[in-house]
Structure formats: structure tokens, C-alpha cells
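Chain by chain, the residues:
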Amino acid sequence: MKARYPGYNVLDKRGTVSWDDVTREVIKQRMAPPSESRFLDPLAWQTLQAVCESVMPQSPEAAQIPVAAMLDERLRTNAGDGYRDMRLPPLRQAWRIGLAALNEESIATFRQPYYSLAAPQRHLLLERMQRGELVHPAWHGLPSDIFFSNRVLKDICAIYYSHPYAWNQIGFGGPANPRGYVRMYFDRRDPWEAAEAKPGHEVRARRGKHRVR
Amino acid sequence: MREFEHDDDVDFAIVGTGAGGGTLACRLSELGFRVVAFDAGAWWRPLEEFASDESHQKKLFWTDERLCDGETPLVLGTNNSGKAIGGSTVHFAMVSLRFRPEWFKSRSLLGYGADWPLDWREMWHYYTQVEQALKISGPLKYPWGPKRPRYPYREHELNAAAWVLARGAEALGIDWTSTPLATVSAPRGHSPPCVYRGFCVSGCATNAKQSALVTWIPRAVAAGAEIRDLAMVTRIAVGNNDRVTGLEYIREGQRQFQRARHVVVAGYAIETPRLLLLSATSRFPDGLGNSSGLLGKNLMVQSNQAVWGVMPEEIRAYKGPPSLAITEHWNYTDIGKDFFGGYSYMSQGPLPIVWAGALNRRGLWGQALLDEMQHYNHQVGLKIVGETLPQERNRVTLADEKDANGLPIARVTYSFCDNDKRLIRHALDFMGRALDAAGVGDIWEETNDTCHLNGTARMGDDPRCSVVDGDCRSWDIPNLWICDGSVFPTVGGVNPSLTIQAIALRTADRIAALAGRGELDRRPQKKMS
Ligand SMILES: Cc1cc2nc3c(=O)[nH]c(=O)nc-3n(C[C@H](O)[C@H](O)[C@H](O)COP(=O)(O)OP(=O)(O)OC[C@H]3O[C@@H](n4cnc5c(N)ncnc54)[C@H](O)[C@@H]3O)c2cc1C
Ligand code: SF4
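Computed from a predicted model, the values in this text were never measured in an experiment.

**Student:** Help me understand the confidence of the model for chain B, please; the structure alone is not making it clear to me.
**Tutor:** When the pLDDT values of chain B are averaged, the result is 97; 99% of them are 70 or greater. Predicted complex, confidence summary: ipTM 0.95, pTM 0.97.

**Student:** Help me out: how do you make sense of the pattern of salt bridges in this one?
**Tutor:** Taken as a whole and judged by the stated rule, the model has 53 salt bridges over all chains. The salt bridge partner of E122 of chain B is R506 of chain B, with a shortest N-O separation of 3.0 Å. Taken together, the residues E122 of chain B in helix α4 (residues 120–133) and R506 of chain B in helix α12 (residues 497–516) connect sequence positions 384 residues apart. Residue class for E122 of chain B comes out partly exposed when judged on its relative accessible area of 29%. The salt bridge partner of D229 of chain B is R251 of chain B, with a shortest N-O separation of 2.7 Å. Here D229 of chain B, found in the loop between β7 (226–228) and β8 (231–238), pairs with R251 of chain B, found in strand β9 (residues 244–251); they are 22 residues apart in sequence, far enough to count as distant. Judged by its relative accessible area of 24%, R251 of chain B falls in the partly exposed class. What you see here is one network of salt bridges that share partners, running through R74, D81, R151, K154 and D155 of chain A together with K58 of chain B.

**Student:** Help me understand the site of ligand 1 in this model?
**Tutor:** Residues and elements named next belong to chain B. Around ligand 1 lies a shell of 38 residues, among which D39, N80, S88, V95 and S497 are the nearest. Take A93: an N or O atom from its main chain is 2.8 Å from a nitrogen atom of ligand 1. The separation between a nitrogen atom of ligand 1 and a polar main-chain atom of V233 is 2.9 Å. Against a free-state accessible area of 1000 Å², the protein chains account for coverage of 96% of ligand 1. A total of three residues in the shell around ligand 1 trace back to one element, the largest contributor, which is β8. In terms of residue class, the shell around ligand 1 is built from 18 nonpolar, 16 polar and four charged.

**Student:** Any chance you could explain the site of ligand 2 here in plain terms?
**Tutor:** Every residue lining ligand 2 is accounted for by M94, T183, C194, V195, Y196, R197, G198, F199, C200, C204, T206 and P321 of chain B. In terms of residue class, the shell around ligand 2 is made up of eight nonpolar, three polar and one charged.

**Student:** Whenever I open this one, the environment of P6 of chain A confuses me. Can you help?
**Tutor:** Positionally, P6 of chain A belongs in the segment before α1 (21–30). When its relative accessible area of 6% is taken as the criterion, P6 of chain A is described as buried.

**Student:** Help me understand the pairing of strand β10 (residues 254–265) of chain B, please; the structure alone is not making it clear to me.
**Tutor:** Remember that side chains alternate between the two faces of the sheet whenever the strand is regular. Residues and elements named next belong to chain B. Bridge analysis of strand β1 (residues 10–15) against β10 gives five bridges, and the strand direction is parallel. Directly across from V10, in β10, lies its bridge partner A260. Where β9 meets β10, six bridges bridge the pair, whose relative direction is antiparallel. Residue pairing for β10: I250 is matched across the bridge by R255. What sits between β9 and β10 in their antiparallel hairpin is a turn of two residues, with E252 showing a positive phi close to 50°.

**Student:** Would you take a moment to explain the sheet that holds strand β17 (residues 408–413) of chain B for this structure?
**Tutor:** Two modes of strand pairing occur in sheets, parallel and antiparallel, and in both the strands are linked by backbone hydrogen bonds. Spatial strand order, β1(A)-β3(B)-β17(B)-β16(B): four strands in an open sheet with mixed pairing. In this open sheet, the two strands that pair with only one neighbour each are β1 (84–85) of chain A together with β16 (395–402) of chain B. Two strands pair when backbone bridges link them, and β1 of chain A and strand β3 (residues 67–69) of chain B are joined in this way by two bridges, in the parallel orientation. Residue pairing in the sheet places R84 of chain A in a bridge with L67 of chain B of β3 of chain B. Sitting on the sheet, helix α7 (residues 268–278) of chain B is in contact with β16 and β17 of chain B, with an inclination near 65° to β16 of chain B.

Parameters at a glance
- Residues numbered from 1 in each chain as written.
- Chains lettered and ligands numbered in written order.
- Predicted model: local features only at pLDDT ≥ 70, side-chain atom pairs only at ≥ 80, totals over all residues.
- Heavy atoms only, no water.
- pLDDT = per-residue confidence, 0-100.
- Salt bridge = Lys/Arg side-chain N within 4 Å of Asp/Glu carboxyl O.
- Helix = DSSP H or I, 4+ residues; strand = E, 2+ residues; numbered from the N terminus.
- Buried < 20%, exposed > 50% of the residue type's maximum accessible area, 1.4 Å probe, protein only.
- Near = heavy atom within 4 Å.
- Polar contact = N/O pair within 3.5 Å; in protein donor to acceptor, adjacent residues only side chain to side chain.
- Areas by Shrake-Rupley, 256 points an atom, 1.4 Å probe, with all protein chains shown as cover.
- Nonpolar A, V, L, I, M, F, W, Y, C, P; charged D, E, K, R; others polar.
- Pairing = 2+ DSSP bridges.
- Contact = heavy atoms within 4.5 Å.
- Axes fitted to C-alpha atoms, helices over the stretch in contact; angles between N-to-C directions.

Here is the structure:
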């Protein structure tokens, strides 16, 4: 797929008046998560990595967003949402049960651990999870569709879109303090915003990015 | 800041410093009462401590665990309420609306819900006071309802998402306006004008937002109130004369006790009933102030459904406050409805995480999600703040599970009723037509969002059918008060914070009046009606 905002890198604005010191520090930490699992056991960790690859596929050429490591870190710090559907156990327990159950489903269906499945099989099992069709005893009564919507999608996608690389893909302006924005009308772009490649105008878009300051 | 001793018999100990508690702390201290206000949250300095970042700013929200069930289990956390000095107003979207006058008597005048023990004309007076105190930026003329004074600051410029609302409304022949907002459009004191950075629901690092943190709290401190941050109140103590004597709280790991002549609970519609339930004694086995049995019941959300689509033009809805344009048409029109109640709808500006969440709930993930996210700068939508009806089955109770302090956590049970569903259907149909008329394509419906919790300790005229009276005073314990969104008998179709603040201003005046008559420590004779 062609980049819609060619050459746009929100990090180019780091040193500008669109970023403040607090934000610089917060994003710096976001860009340097541990790359290894520090919470999940090895099998759960491999399963989680495979799930993340299916839910938020990333092109191997692109700089990677370490979604699984960031989620593992969240589990390690046990940072909850402030609520949970009563059908779900607490955060860590839900993920432990869910990942283990998914692996059991994989073995039952394909005679292979989940992480070793090819992408279409991984996808298939997740689709069945989304529809609530996975009912292996390893779920311990946890409804697989509720786990899928309230944990898998919610946790993984929130992490993905907390990362500057994801903002680049969608042309989000990113941090905006203290400068903010001036042009608010249709088709108006402040010079420090991502320039969109309209078909045939990719070059103009690429030039637009230089004016971050 | 003035500080009180634990043995000081302060006049008022207030639990919570948000829209209700912060406002009340300010006015009571300005009226000469000795006030200590407690909040479990931190006292943030927005300029130094707020990042322009959706996920980091989770620190503003109440993220201690709560359990949700019912037919429509609620989404709380960042969708719900704050934990900070200034409460939820630190991260709120600043939409500052008055109730439609008839809603204060919706049972008598409109045939649904419950009447408030308040008169709309009196509320109109207090709304004006809040609008002045927050220097609301709003339109020159407001299209609906009785005359109101001019908004103190000029309206904000519209963004493209707001213009889409305007186009749709004009095409369908209904009124719209720029939204009255609690963020300044020109400098005010320490607040520079809004810079349209769009991170409002992650906290305003500009300090343009007129939250309780930058308005009522500094005034309260200047008037001699003490604000005690990071102080989690765990119990309200009751003496053997059936009067409250103070409160227990935990600060810096220490269990402490503050004596007080009056206690006000203003902890939001979940924590307020939770604390009163947790404070049960053998004399009050069902919780404090619960002789009606209604404490925790009649929890009302506001429905928050949306229609979305994409436009060929760039919208870039992340710029500016999220809801710059509004129509209250369906709040003020009673014909053409197959449901009770009303709704407003507003333009929207979701940041990426919130937007991805909406698409997740539409069932999208994997490549389909990535593809749809490519339209981020072209997506545009309309979202309601819809009235739901009070139902006793919707309630806050105590769960078996305990929090870090060993106290039972809140269980929040919620289900829409048929009327709520009809309202939502009507709104989705109408907004879909509005988007279509505005030239938006690929329209789809987000059917399952909710916002703004209220109810759970309703006010009323009759102790059998309400938890507090019109002055926000407990019917059962005369020196116990509840002053936040919990006291709403109905919610209407507008965001609640202006009404919560107006009630708090009124309550402060009523407390001063009762004190002047010597009726503060004793419940007066039953009110003549
Ligand atoms: C994302 C979002 C956007 C919103 N946008 C708008 C809007 O545009 N317009 C609008 O009108 N409304 C809006 N609201 C709703 C509005 O913010 C709330 O309805 C309002 O602030 C509620 O006021 P309150 O006084 O009931 O509680 P809050 O303002 O939430 O204050 C309660 C405080 O009590 C504290 N507390 C609770 N229990 C305890 C305890 N036991 N001990 C110590 N402290 C305690 C909490 O930490 C909190 O700070 C929004 C809400 C959210 C979540
Ligand atoms: S858009 Fe305005 S109110 Fe919102 S965060 Fe930015 S400066 Fe504050």
C-alpha cells in the first residue's frame, strides 16, 4: 500500500513549538520499551506476539511498533482500565487465560501451537474468537467474544495507536502544545501538519513535510 | 493555603473537588464557612505536567477497578470520570449547556421521569452565575429556550467537522449554533486563549479550559478553604445522636480522621453512593441516608450514539475542541417523536486511540482496520447526548471484590429500556439524514456508546421517594449533604456539568440562608409547599 502521507514523520516536530518538555519525555519513553517479555511466560509471550501480528499487521520493511512488548509491560505494571465487564476476570488473569486457551484451541484444531500457525489459520481462530465460537475448557467459562472485544482488540489497538509511527500512517498531527493549530476549515492544513498525497500529487505532499517549523 | 487540624471542628468536610464539590467548596468558603475539601486525585499543574498524549493522560481518570454488568455493561475509565483536584472537569469537553426549563418538571409537564424540587427560574439565575464565573465562550444568540444573557466571551471559530453539522442542519431545516464552551476565546487572567490543539479530553496543557481546577479551586483557596489532595475518603463517621461527626480517610498510607460539623459527598454518581453504602452502621444498616431505599438506584447514563462517514475534503477533526457545533432541536421539539425525552447532537473530534476503539466496536481489526484508519483525516461524525429514563434496576451496589484498601468496589448495573432504544433509533436515523444531506459518504452507525453518569441519590420533595431534599441535604441525617450529579432526578439531553455547578451555587446560598435562620444543625419543620 502507498503511504498516504509520504515523508511525514511526526517525530520531526520534536524540537518545534508543537512539543513541550513533558511530551518529549513521555514519547521518548514510549519509543524505548523493553523488547523482551518481562511478565508473560515464554509460551504466552509467543502466542501474544502472534496475536498482535494478526490484529495489527505490520509490513516487515517498516520500522516496527513493539505492540506485544508494550502490552507485556502494561501487564507487568498491572495498569487497569478502571472497570471491567463482570464476565471477565482482572486484566492479568484474563490475558493469561485467553492466551493459554487460544493455544489450546490451536492444538485441538490444527495440532500445532498458535504461534507456529500460518497467518490465515491464526486469522481464522481469531475470527472464531470474535464470534464467540471458541469454548474449549481452557477458557474456564470466559466468553471468548468478550475477551476478544474487551481485551484483544481494545488493548492491542490502543497501544498501536499510541505510537508515533501509527500517527504517521494516518496523518495525525500528534502533540500540539504550545503551538496548537490555526487553520480549521475544510482542506486547510497548517504548514506543520501532514500533507496528504492526492493521487498524482505525491511530490507536492513530500515537499510539504519540510515545513515543520 | 490555610490548613486545618484533624481536631478542628471544620464547618464542612467535602468529599470530591469536581463540578459539584469544587464549586461548593469555593462558595461556602467565600460565604465564611471553614471548609476542607478532599480528593483522592492529584493536584496537577497543567502547564508543567500535562503531555499532549492520549495514553499518558490516563492519569487524570478514575482507573481503580469497578465491575459492570446488566444488558448494557458500561464502559467507564477514560470514558467516564476523573480522579483529580477539579474532578472530571479537568478532562471534560467543556460543553456548557442549560437544561430545558420543562425538564425540571418533566413528570408534570412532559409525562415522564420525575419532577425536580427546583424551579427553573431560580436555576436560570444560577446558570448565569456559572457562565459568568467560567467566562463561557458562546454564540451571540442561542436559538432555543427562554431568553438568556449574552455569553461573556465570544464564540469559537468552527472547524470543518462543525461546518458539516451546520450544513446538515440547514439542509434539513433545523437550527444549529456554535457550542457554548468553557474554554476562553480571549485571554483571561492566567488563561491564554484556546489554541485549538484538540487534546481537551486529555487535559488542557494550555490552561485555556475553565475547569474547576483553574476556576473554583483557586478561589476556594483564596477564601480560606483547605484542599487536601491524594486523600481517599473511606468512611463517613456517625455519632450516637445520628449525626455525622467527620470522615475517615487514607493519605500517604496513613488512616486519618477529620472532624467536621457537616459532611458533603460529591464524589461522582458512582463513588458517592459507594461511600455512603460503605459507611453503613448498625443504626443505618443499608448505608447512610438510605431510608428511602433509593441510594444507588436510578443510575442514568446519557446515550452517546453516533453516525460517521467520510468526505472527499480533508476534515482533520483533531483540531479544536471536539464539539464546536450543536443542535438542540430535538430537546425543544416534542412533535415527531415516538419516545419521551430529548437529545442534542454535536460535531466530534476523536483522537486516534478513541477513533480506533470506535472502529473496533464496529468489528474492524487487522488489515480492515488499518485500511479504515487511512480515512482518519476525512472522517466526520455527529454524536448525541441523549436522555435516558430513570429505572430502579439501574444501580450502583457493592461488589464482593475489594480494592487496595480492602474496601468493596462498586458494581455498576445498567440496561437501556425500550424508550431509551427508541430515542437512539430516532437520533441515528435523523443524524444519518443530516450527514447524507451534508455530502458525507460511507455512512455507518456507532450504536453502543454511553457517557455522563448521574442519579443514584436523587433529590425530591418526599423523603420516601428521594435521598436528599432540594437543598441537597439528606432526609435522614441533617448534617449530611450530597452535592454532585448524583442528585439528578432526570438527566435531560444536555451535558450535565453546568447544571451540577448551578446546583452547587444554589446549595451554598441555601446553606448560608439556613445557617442564618439557625436551621443548619437541625432539620426544620416539614416544608410548606
Ligand atoms: C471524557 C469526558 C468528557 C466530558 N465532557 C463534558 C462536557 O463537555 N460537558 C459537561 O457538562 N460534562 C462533560 N463530562 C461530564 C462531567 O465532567 C461530569 O459529569 C462532572 O464533572 C461530574 O461532576 P461531579 O461533581 O459529579 O464529579 P467529578 O467532577 O467527577 O468529581 C468527583 C471527584 O471526587 C473524587 N472522589 C470520589 N470519591 C472519593 C473519595 N472516596 N475520596 C476522595 N475523593 C473522591 C474524585 O477523585 C473526583 O475528583 C465529560 C466527562 C468525560 C469523562
Ligand atoms: S483545544 Fe483549547 S481547550 Fe482544548 S486542550 Fe487545546 S487549548 Fe485547551
